[in-house]
Amino acid sequence: MKLSVFTVSTPDLTPEELALAAKEAGIEGIEWRFQDVPEDAKDEAPSYWRNNRCSIATRADDELLQRFRQAAAAQGRVSVSVTPYLTVGDVEGTERVLQAASRLEASFIRLAVPGYDRTKHVRELMEQELAYLRQAAPLCKRYGVKGLLETHHGTIAASASAALRLVEEFDPDTVGVLYDPGNMVHEGYENYRMGMELLGPYLAHVHVKNAVWQPDGEASDASAAWRVSWQPIQRGIVPWSQVIEDLKAVGYDGYLGVEDFSGEYASRDMLMRFSAYLRSLL
C-alpha cells in the first residue's frame, strides 16, 4: 500500500508547499481538492472548507491545471485524484472534473451521492443515483478515470453494503468505492473486513481519519445527547491496525489517503505523524 494526502486537510499550504511537504513525509500521492474558494473567504485564515489554498477552481483553465500538475511532478509525486463536491445529476460538472483529472493524469474522481434527510424515500434517491451513474460511467470510461462513491454519513452510501448496491451493476474498472472508516464512526459502521469482502473489486481507495462519540453537554434531550468529533488518526474509534490488517487480508494494494480534520497539528507535522504511524502498521 502507498500513502496519499487529500488537500482539503492541508488548507494553509499552496500546491507547491503541499507537494514538498508530501515528499518530505514520504507520501507518494496527492488528491487535489476541486472546489472554488468563496470571494468573501479569501481574506480569512486558511480553513478546510472555505479558504483552502490547495484547491483547484472548478473553472480552472489549462494554465492553472498545469500549475498543479507541475507542483506534483517537481517533487516526484503522483496526482491520485481530483476530488470535487458534485450534486447528483450534474453530468456537465462531472465531465468537467474528468477533463481536469485527465489533464493531471489522475486515476480517480469522486462522484455525487444523494444526501438522506427523511424528506424523500431512499428508493427514490437510489433511482436518482443510478440514473446519474448510468450517465457518468460512460464518461469515466471515455476519459480513463475511475469514478468513486465515498462511504459518507448523511448519504445513501453510508456503509460498504449500501455503496455496493449502487455500484454493482457497473464495471469495477470504471466505477468503484472510496472506503472511509472515519466517516463510518458517524454512521454506517459494519465489520471492516466484511465490508471489504462485500466490495471486492469495487474497493478502489481508502481515506484515513478518526473520530469519537462524546457527550454533548448542551443537548436539551436524550436523543441529542451525543455528538461526533474528529480526532488525530492515532486516536478515536477506528482501530487502524485492524483496518490495515483487514485490507491486507483482502489483497488491497492501493492508496491510504490522509484526510485529518482534528486540527491538532500543523499541516506539515500532521503529514509527518500520519506517514510514520501508518508505515509502522504496513
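That block above? That's the structure.
(A) Broad picture of the overall build of the chain. Each helix and strand in the chain was counted, giving nine helices and eleven strands. For the chain, whose C-alpha radius of gyration is 18 Å, the value lies close to the compact-globule estimate of 19 Å for 282 residues. Projecting the C-alpha coordinates of the chain onto the three principal axes gives extents of approximately 50 × 45 × 40 Å. Within the chain, buried positions represent 51% of all 282 residues. When contacts within the chain are restricted to residue pairs at least 6 apart in sequence, long-range pairs at least 24 apart make up 76% of them. Only carbon and sulfur atoms are counted for the fraction: they give 47% of the accessible area of the chain, which is about 12,600 Å². The averaged location of the 41 negative side-chain charges in the chain is 3 Å from the averaged location of its 29 positive side-chain charges.

(B) Geometry of helix H4 (residues 122–143). Taking 1.5 Å of rise per residue, 22 residues should cover 32 Å, and H4 covers 31 Å from first to last C-alpha, within 8% of that figure. A maximum bend of about 25 degrees is found in H4 at Arg 134, where proline Pro 138 lies one to four positions downstream. Looking only at H4, the buried set comprises Leu 125, Met 126, Glu 129, Leu 130, Tyr 132, Leu 133, Ala 136, Ala 137, Leu 139 and Cys 140. Turning to H4, the residues buried within the fold contact helix H3 (91–104), strand S6 (146–150), helix H5 (160–167) and strand S7 (175–179). Two residues or fewer after H4 comes Gly 144, characterised by a positive phi angle close to 70 degrees.

(C) Structural context of the pattern of salt bridges. For the coordinates displayed, the defined rule picks out 16 salt bridges. The partner of Arg 50 in a salt bridge is Glu 44, and the shortest N-O contact between them spans 2.7 Å. Note that Glu 92 and Arg 96 form a salt bridge whose closest N and O atoms lie 4.0 Å from each other. Pair noted here: Glu 92 and Arg 96 are both in helix H3, with a separation of four residues, about one helical turn. Each member of the salt-bridge network shares a partner with another, and the members are Asp 40, Glu 44 and Arg 50.

(D) Seen up close, a nonpolar patch on the surface. Taken together, the side chains of Trp 213, Trp 226 and Ile 237 present a nonpolar region at the surface, about 350 Å² in accessible area. Here Ile 237 shows up in the loop between strand S10 (226–231) and helix H8 (240–249). Take Ile 237: its relative accessible area is 45%, and that puts it in the partly exposed class.

(E) Here's a closer look at the packing of H5 against helix H7 (residues 192–199). Across the interface, H5 lies against H7 with an axial gap of 9 Å and an inter-helix angle of 5 degrees. One way to sum up the angle between H5 and H7 is to call them roughly parallel. Where H5 abuts H7, its residues Ala 160, Ser 161 and Leu 164 lie against Gly 195, Leu 198 and Leu 199.

(F) Representation of the environment of Thr 151 within the structure. Position of Thr 151 among the secondary structure elements: in the loop between S6 and H5. For Thr 151, a relative accessible area of 0% gives the class buried. On a C-alpha basis, the gap between Thr 151 and Arg 273 in space is 25 Å, while along the polypeptide they are 122 residues apart. Beyond its immediate chain neighbours, meaning those up to four positions away, Thr 151 contacts Ala 157, Ala 158, Ser 159, Ala 160, Ala 163, Val 177, Leu 178, Tyr 179, Asp 180, Asn 183 and Met 184. In terms of polar contacts, Thr 151 uses its side chain to reach the backbone amide nitrogen of Asp 180, at 2.8 Å.

(G) Geometry of the packing of H8 against helix H9 (residues 267–281). Following both chains from N to C, one finds H8 and H9 inclined at 55 degrees, their axes separated by 9 Å at the closest point. For the element pair H8 / H9, the angle class is oblique. For the crossing formed where H8 meets H9, the hand is right-handed. Along its contact with H8, which presents Trp 240, Ser 241, Ile 244 and Lys 248, the element H9 presents Tyr 277, Leu 278 and Leu 281. Looking at side-chain class alone, the contact of H8 with H9 contains five nonpolar, one polar and one charged residues.

(H) Structural detail: the environment of Val 82. Relative to the helices and strands, Val 82 is located in strand S4 (residues 78–84). Owing to a relative accessible area of 0%, Val 82 belongs among the buried residues under this scheme. Counting along the chain gives 52 residues from Val 82 to Ile 30, while the straight-line C-alpha distance between them is 8.8 Å. Excluding residues that lie within four positions of it along the chain, Val 82 makes contacts with Trp 32, Phe 34, Val 97, Ala 100, Ala 101, Leu 104, Ala 106, Phe 108, Ile 109 and Arg 110.

Conventions used here
- Residues numbered from 1 in each chain as written.
- Predicted model: local features only at pLDDT ≥ 70, side-chain atom pairs only at ≥ 80, totals over all residues.
- Heavy atoms only, no water.
- Helix = DSSP H or I, 4+ residues; strand = E, 2+ residues; numbered from the N terminus.
- Rg over C-alpha atoms; globule rule 2.2 N^0.38 Å.
- Buried < 20%, exposed > 50% of the residue type's maximum accessible area, 1.4 Å probe, protein only.
- Contact = heavy atoms within 4.5 Å.
- Areas by Shrake-Rupley, 256 points an atom, 1.4 Å probe, with all protein chains shown as cover.
- Lys, Arg positive; Asp, Glu negative; His and termini not counted.
- Charge placed at Lys NZ, Arg CZ, Asp CG, Glu CD.
- Expected span 1.5 Å × (residues − 1).
- Bend = angle between axes of the 7 residues up to and from the residue.
- Salt bridge = Lys/Arg side-chain N within 4 Å of Asp/Glu carboxyl O.
- Patch = residues over 30% accessible without salt bridge, like charges linked within 9 Å, V, L, I, M, F, W, Y side chains within 5 Å.
- Axes fitted to C-alpha atoms, helices over the stretch in contact; angles between N-to-C directions.
- Parallel < 35°, antiparallel > 145°, perpendicular 65-115°, else oblique.
- Polar contact = N/O pair within 3.5 Å; in protein donor to acceptor, adjacent residues only side chain to side chain.
- Left-handed = near helix turned anticlockwise from the far one by under 90°.
- Nonpolar A, V, L, I, M, F, W, Y, C, P; charged D, E, K, R; others polar.

Worth remembering: the numbers are spatial, not functional.
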